[in-house]
Amino acid sequence: MRLQDKTAIITGAGNGIGKEAALTFSREGANVVVADFDEAAAEAVVAEIKEKGGNGIAIKVNVADQESVTQMVQEAVNSFGSVDILVNNAGITADAMLHKLTPENWQKVIDVNLTGVFYCTQAVIPKMVEQGKGKIITTSSVSGVYGNVGQTNYAATKAGVVGMTKSWAKEFGGKGINVNAVAPGFVETSMVAKVPDKVIEKLKMTIPLNRLGKPADIANAYLFLASDESDYVNGTVIHVDGGIMM
Ligand code: CAA
Ligand code: NAI
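The following paragraphs examine the structure supplied in this document. (Residues numbered from 1 in each chain as written. Chains lettered and ligands numbered in written order. Predicted model: local features only at pLDDT ≥ 70, side-chain atom pairs only at ≥ 80, totals over all residues. Heavy atoms only, no water.)

Next up on the list: the packing of aromatic side chains. With the rule as written, the count across this model stands at one aromatic pair. Ring geometry for phenylalanine 118 versus tyrosine 119: centroids 5.4 Å apart, planes at 35°, classification tilted. On the basis of relative accessibility, which here comes to 34%, the residue phenylalanine 118 falls in the partly exposed class. The ring of phenylalanine 37 has lysine 60 lying over it, and the distance from NZ or CZ to the ring centre is 4.5 Å. (Phe/Tyr/Trp six-rings, centres within 6.5 Å; stacked < 30°, edge-to-face > 60°. Buried < 20%, exposed > 50% of the residue type's maximum accessible area, 1.4 Å probe, protein only. Lys NZ or Arg CZ within 6 Å of the ring centre and 35° of its normal.)

Given below as structure tokens:
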């Protein structure tokens, strides 16, 4: 198994891509910390993990709240003794054309998608430095690299995530910590379900693989970056988008 006895914190693991990642990591032998604002969803994922013979705990966290993040990491260490992998997966959208974007919706998305990644990564770094090894994965997006109509706030955060990822890869590479990003294209989750049908139809025509992504497509990229197979991969962005971004 590729993650035998590793402890992985996955934020936003109650639903969508994060949920699929939690189940995938568990199948590969990890102790999974299913961390989500949506506590009931996180508990349901842990129940599924246990039903299948895996090991995990659910933690209610708001990644935009530093105290909540500190508690999450402490609880993970108390439960499993180490933090080997962090997947910064939690994210939200609040889409609007620029002229309709409110300062509140600008700030809300910055707080979760950008500041949340900063808080979570900063909170696990001391433990990973002490261990002399760690894997940090961030979640960017095609929107952050390529831009997207109606996503000023979201695109800013997902481009920012790439900048932070590369900075941390340089800061912590020498300490045995790999930091990499995955930039998904459009994936079938509740996030994309909010996009108007006419936009999805236009979009599909731009994807060379002719389909939206599935959560497992992204979870598999997270798995590679979390496993020892990626030990010489650092500061990179893996595009998992059906070729939309060539
Ligand atoms: N790509 C291309 N064109 C788009 C577009 C997109 N993503 N989003 C909107 N448009 C176009 C619309 O088709 C429309 O064109 P026409 O005037 O020719 O019909 C024009 O922009 C204005 O759109 P609306 O009439 O819908 O304007 P609105 O003010 O009512 O709503 C909106 C604007 C909130 C941005 C809405 O269009 C919308 O939700 N668009 C989808 C935005 C989007 O793609 N979000 C991605 C969510 S998934 C995600 O974020 C995951 C990820 O990382 C990729
Ligand atoms: P989703 O909406 O299905 O799941 C997101 C999860 O994050 C939810 O369980 C939600 O409760 C949790 N969450 C939201 N705010 C939180 C907070 N403050 N603290 C803790 N948890 C919080 O979304 P999806 O699609 O699974 O997205 C996962 C990640 O992938 C996000 O970072 C998203 O931006 C990114 N992404 C998604 C794409 C897609 O097409 N679905 C494309 C590119 C990137």
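For helix H6 (residues 152-172), which comprises 21 residues, the first-to-last C-alpha distance of 30 Å matches the rise-based estimate of 30 Å (1.5 Å per residue) to within 8%. Those residues of H6 not exposed but buried are Asn153, Tyr154, Ala155, Thr157, Lys158, Val161, Val162, Met164, Thr165, Trp168, Ala169 and Phe172. Buried residues along H6 sit in contact with helix H4 (103-131), strand E5 (134-139), helix H5 (142-146), strand E6 (177-184), helix H7 (190-193) and strand E7 (237-240). (Helix = DSSP H or I, 4+ residues; strand = E, 2+ residues; numbered from the N terminus. Expected span 1.5 Å × (residues − 1). Contact = heavy atoms within 4.5 Å.)

Inspection of the secondary structure puts asparagine 113 in helix H4. What asparagine 113 contacts, discounting residues up to four positions off in sequence, is Gly91, Ile92, Tyr154, Thr157, Lys158 and Val161.

In this section: the site of ligand 2. Every one of the 28 residues lining ligand 2 counts as a neighbour, but Asp36, Asn89, Tyr154, Val187 and Thr189 are closest to it. Between ligand 2 and asparagine 62 there is a distance of 2.9 Å, counted from a nitrogen atom to a side-chain nitrogen or oxygen. Measuring from a nitrogen atom of ligand 2, one finds a backbone N or O atom of valine 63 at 3.1 Å. For ligand 2, the protein covers 92% of the area, taking 830 Å² as the surface of the free molecule. The leading source of residues in the shell around ligand 2 is H7, at three residues. Residues belonging to the shell around ligand 2 are distributed by class as follows: 13 nonpolar, twelve polar and three charged. (Near = heavy atom within 4 Å. Polar contact = N/O pair within 3.5 Å; in protein donor to acceptor, adjacent residues only side chain to side chain. Areas by Shrake-Rupley, 256 points an atom, 1.4 Å probe, with all protein chains shown as cover. Nonpolar A, V, L, I, M, F, W, Y, C, P; charged D, E, K, R; others polar.)

Leaving glycine out, the prevailing phi sign among residues is negative, and the prevailing peptide bond configuration is trans. A positive phi angle, close to 65°, is found at aspartate 5, a residue other than glycine. As for its position among the elements, aspartate 5 is in the segment before strand E1 (7-11). The residue asparagine 210 is not glycine, and still its phi comes out positive at about 65°. Along the chain, the position of asparagine 210 falls in the loop between helix H8 (197-204) and helix H9 (215-226). Given the relative accessible area of 60%, asparagine 210 is considered exposed.

It is worth spelling out the pairing of strand E2 (residues 31-36) at this point. Side-chain direction in a regular strand flips from residue to residue, so the side chains alternate between the two faces of the sheet. A large share of E2 lies buried, amounting to six of its six residues. Examined bridge by bridge, E2 and strand E3 (residues 55-60) share six bridges and lie parallel to one another. Across the sheet, residue alanine 35 finds its bridge partner in E3, namely isoleucine 59. (Pairing = 2+ DSSP bridges.)

Taken together, 20 residues form the shell around ligand 1, and within it Asp95, Lys100, Ser141, Gln151 and Tyr154 come nearest. Asparagine 148 is positioned such that a nitrogen or oxygen atom in its side chain is 2.9 Å from an oxygen atom of ligand 1. The separation between an oxygen atom of ligand 1 and a polar side-chain atom of lysine 202 is 3.0 Å. Compared with its free state, where it exposes 970 Å², ligand 1 has 69% of that area covered by protein. Counting only elements with at least two residues in the shell around ligand 1, the list comes to H5, H7 and H8.

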